[in-house]
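# Observations on chain architecture
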Amino acid sequence: KMQPAKNLFTSARGCRRHHDMHLIIMSVMPPSPAMPQLRLSAAFILLLLLINFLSSLAPVNGLYISSLTYCNKPHHHHHNICRHIIAKPMTRHRSDPFEKERVKRAKNVKRDLTKILLAMEEWNQAEDSVLADLLQKWHDTKQQKKAAARNRKCRQRRSWEQFQQYLTDRQFRRYFRMERGCFDYLCERIIDNVGEREFKSEIYLRDFKNGDATEADTLHQTNILHAHERTTGGFVSGEVKLALTLRLLAGGSYMDLALLFDVGFSTAYEIFHKVIKEWILDDRLVKINGVDYCEDDKRMEEVARGFAVASKNVINGCIGAIDGWIVKIRKPRRWKDLRGGDPATFFSRKGFFGINVQAIVDRKKRILYRNIIHRGAEHDSTAFKHSNFYEWLEKNWKKLAEKGLYFIGDSAYAIKSFLVTPFDNAVHGTPEDNYNFFHSSSRISVECAFGEIDLRWGILWSTLRFSLAHNVNVIDACMRLHNFFDSFGVPW
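Every value quoted in this text rests on a predicted model; they were computed, and no experiment measured them.

On to the side chain of glutamate 239, then. With respect to the secondary-structure elements, glutamate 239 resides in helix α10 (residues 238–249). The side chain of glutamate 239 is buried and forms no salt bridge, while arginine 206, the nearest opposite charge, is found at 8.0 Å. Here glutamate 202 takes part through its backbone nitrogen, which lies 3.3 Å from a polar atom of the side chain of glutamate 239. Filtering out sequence-adjacent residues up to four positions away, glutamate 239 remains in contact with Trp160, Phe183, Cys187, Phe199, Lys200, Ser201 and Glu202.

Moving on to the environment of leucine 205. As for its placement among the helices and strands, leucine 205 is situated in helix α8 (residues 202–209). For leucine 205 and phenylalanine 235, which are 30 residues apart along the polypeptide, the C-alpha to C-alpha distance reads 8.1 Å.

Following both chains from N to C, one finds helix α6 (residues 180–194) and helix α18 (residues 468–488) inclined at 115°, their axes separated by 11 Å at the closest point. Judged on the interaxial angle alone, α18 and α6 are roughly perpendicular. For the pair α6 and α18, the crossing hand works out as right-handed. Contact residues: Gly181, Cys182, Tyr185, Leu186 and Arg189 in α6; Leu481, Phe484, Phe485 and Phe488 in α18. Across the contact of α6 with α18, the residue classes tally to 7 nonpolar, 1 polar and 1 charged.

The subject of this paragraph is the packing of aromatic side chains. Overall, the coordinates contain 29 aromatic pairs when judged by the stated rule. With 5.1 Å between their ring centres and 40° between their planes, tyrosine 254 and tyrosine 269 make a pair best called tilted. Taken together, the positions of tyrosine 254 in helix α11 (residues 254–260) and tyrosine 269 in helix α12 (residues 265–280) put the pair 15 residues apart, joining distant regions of the chain. Ring-pair connections join several aromatic residues into one group, and the members of that group are Trp160, Phe163, Phe172, Tyr175, Phe176, Phe183 and Phe261. Over the ring of phenylalanine 235 we find lysine 200, and its NZ or CZ is 5.4 Å from the ring centre. The ring of phenylalanine 352 has lysine 328 lying over it, and the distance from NZ or CZ to the ring centre is 5.0 Å.

All right, on to the pairing of strand β5 (residues 367–375) then. Within β5, 7 of the 9 residues are buried, which leaves the element mostly enclosed by the surrounding structure. Relative to β5, strand β4 (residues 354–361) runs antiparallel, the two being bridged by 6 bridges. In the strand pairing of β5, asparagine 356 is matched with histidine 374. Linking β4 to β5, which pair antiparallel, is a turn of 5 residues; within it lysine 365 sits at a positive phi near 70°.

Turning our attention to the nonpolar core. Core analysis: the largest hydrophobic core is formed by 93 residues, its most contacted members being Phe384, Phe407, Trp457 and Ile459. Among the elements that take part in this core, α18 stands out by supplying 9 residues, more than any other. Excluding its chain neighbours within four sequence positions, the residues that come into contact with isoleucine 459 are Leu248, Leu249, Ala250, Gly251, Phe272, Leu464, Phe466, Val474 and Cys478.

What follows is about the packing of α6 against α10. Following both chains from N to C, one finds α6 and α10 inclined at 120°, their axes separated by 11 Å at the closest point. When the interaxial angle is binned, α6 and α10 end up oblique. Pair α6 / α10 crosses with right-handed handedness. Across the interface between the two elements, Phe183, Leu186, Cys187 and Ile190 of α6 pack against Glu239, Leu242, Ala243 and Leu246 of α10. Of the residues contributing to the contact of α6 with α10, the split by class is 7 nonpolar, no polar and 1 charged.

We now examine the pattern of salt bridges. Enumeration over the complete set of coordinates arrives at 14 salt bridges. The salt bridge involving arginine 111 is made with aspartate 112; its shortest N-O contact spans 3.7 Å. What makes aspartate 112 partly exposed here is its relative accessible area of 35%. A salt bridge links arginine 480 to aspartate 283; its shortest N-O distance comes to 3.0 Å. Placement of the pair is arginine 480 in helix α18 and aspartate 283 in the loop between α12 and α13 (290–294), with a sequence separation of 197 residues. Overall, the relative accessible area of 5% leaves arginine 480 in the buried class.

Reading the values: rules and limits
Starting from 1, residues in each chain are numbered consecutively following that chain's sequence as written. Where totals are concerned, whole chains, interfaces and linings use all residues; where local detail is concerned, this predicted model gives features only for residues with pLDDT of at least 70, and gives and counts side-chain atom pairs only at 80 or more. To get the side-chain values, all heavy atoms of the structure are used, and hydrogens and water are removed first. Each helix is a run of DSSP H or I of at least 4 residues and each strand a run of E of at least 2, with the numbering of both proceeding from the N terminus. Residue exposure (1.4 Å probe, protein chains only): buried if accessible area is under 20% of the type maximum, exposed if over 50%, otherwise partly exposed. Charge assignment in this entry is limited to Lys and Arg as positive and Asp and Glu as negative, and neither His nor the chain termini are counted. Any Lys or Arg side-chain nitrogen located within 4 Å of an Asp or Glu carboxyl oxygen qualifies as a salt bridge. Here a polar contact means two N or O atoms within 3.5 Å. Within protein one must be a hydrogen donor candidate and the other an acceptor candidate, and residues neighboring in sequence count only if both atoms are side-chain atoms. By the convention used here, residues are in contact when the closest approach between their heavy atoms is within 4.5 Å. Convention adopted: a line fitted to C-alpha atoms gives each axis, helices being fitted over their contacting stretch, and angles between N-to-C directions are expressed from 0 to 180 degrees. Roughly parallel here means an angle under 35 degrees, roughly antiparallel means over 145, roughly perpendicular means 65 to 115, and every remaining angle is called oblique. Definitions for this section: a left-handed crossing has its near helix turned counterclockwise from the far helix by less than a right angle. A right-handed crossing has that turn clockwise. Throughout this entry, Asp, Glu, Lys and Arg are counted as charged residues, while Ala, Val, Leu, Ile, Met, Phe, Trp, Tyr, Cys and Pro are counted as nonpolar. The remaining residues, Gly among them, count as polar. Stacked, edge-to-face and tilted are the three classes for Phe, Tyr and Trp ring pairs, Trp counted by its six-membered ring, which pair at centre distances within 6.5 Å; planes under 30 degrees apart are stacked, over 60 edge-to-face, the rest tilted. Here, over-ring charges are defined by two tests on the NZ atom of lysine or the CZ atom of arginine: distance to the ring centre within 6 Å, and angle to the ring normal within 35 degrees. Strands pair, by our definition, only if DSSP identifies at least two bridges between them. Only buried residues count toward a nonpolar core. Its members are Ala, Val, Leu, Ile, Met, Phe, Trp, Tyr and Cys residues joined through side-chain atoms within 4.5 Å.

Structural measurements only, silent on function.
Right, dumping it as structure tokens:
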């Protein structure tokens, strides 16, 4: 027979008939669903499982557990439960010879259940104590953070004007590899490309602070500016970001620059990579494209004239000198950088991991074309053949041949209609040897260009330790700035 379930949750084992006896086990959960401290612990689940297990033992006639009620009041937890555990023999079976044993077993069950409930109560009390301690620690920590925020001293960053006035012209050039006028011109070009609001020059921030902002600027941006000033010392101006990037490219330490410009260590490199990717590598600032160059007849004629004058008209029609350059990098990570590729392919013949840079320059050492995606172990000829520019030359070589134009390279490259290499094993004093002399004199401009880039940017003196993508960006930025300085007329 089954009793009706009157509580939240009732688990009942069905009647088991033995000698016309019934065993009924009822296990119930707390009757009040509104208790805020209601939780089903592992110990209580164990209690229910134990009761169900006992019911599945050999027939126990005469044991009747009527109900199991949970009380959430203090000091009444186990008393209320034990009060409703009833072990009584059924009157019509008192003559059973095993009745005494059954009653004894029922009393043992009651005793064991009492012990389990006492242990569960102690466990719950210990759990509540630990939880209270954690809450108190969390509250204390929160109060300490609030006190620290109230007593925090705002940063007082030095402005770019205050910083540069302590530098002489010679010191400025040594720090940033350019003159003051070139730096100002570079800032103006970047502002024209990305906009004043993105660059955030000091004049723009000063007008913003004084309320002279344009109509396009919103009150929300003004509130953000004041919040930055109260907490971090204000926005980092575009001039400071550019100066920090140039100084890191020149070989400066990020730790020294973080203290000098009052920014965090991680913030210094965040600014560095952002300025390179979004400002310096913008084609509107400096564009290097081999296909566009070969489609510009005026530029090719100017470059060819420069090589002809330098070689006394021996090398006529040369529109660029090509060569390879290995830039030292840290061993690429197999999964993060190469997506499962082999890092050994970046180990060059010079004994270090590197990136093979293919570049074409003119007589004035300006970069006309560059490719920075090849592995250090690749041969120069193989790296050039795997480039998109080589494929374009293979399809359009007749256009250059009709005009008598070509590139020059060393003996590492295969001779083509658009690529002229020196004679092999030329005997001294022969016309071939004389040609090789002028060929080498013209080709040396690309070696000088690599030397100037490497000497100007001290970050290339040691191993580049960024990710593979960031290493490529750093090399490209150095080459683009090399062209920018040449266009501005910065002397070497």
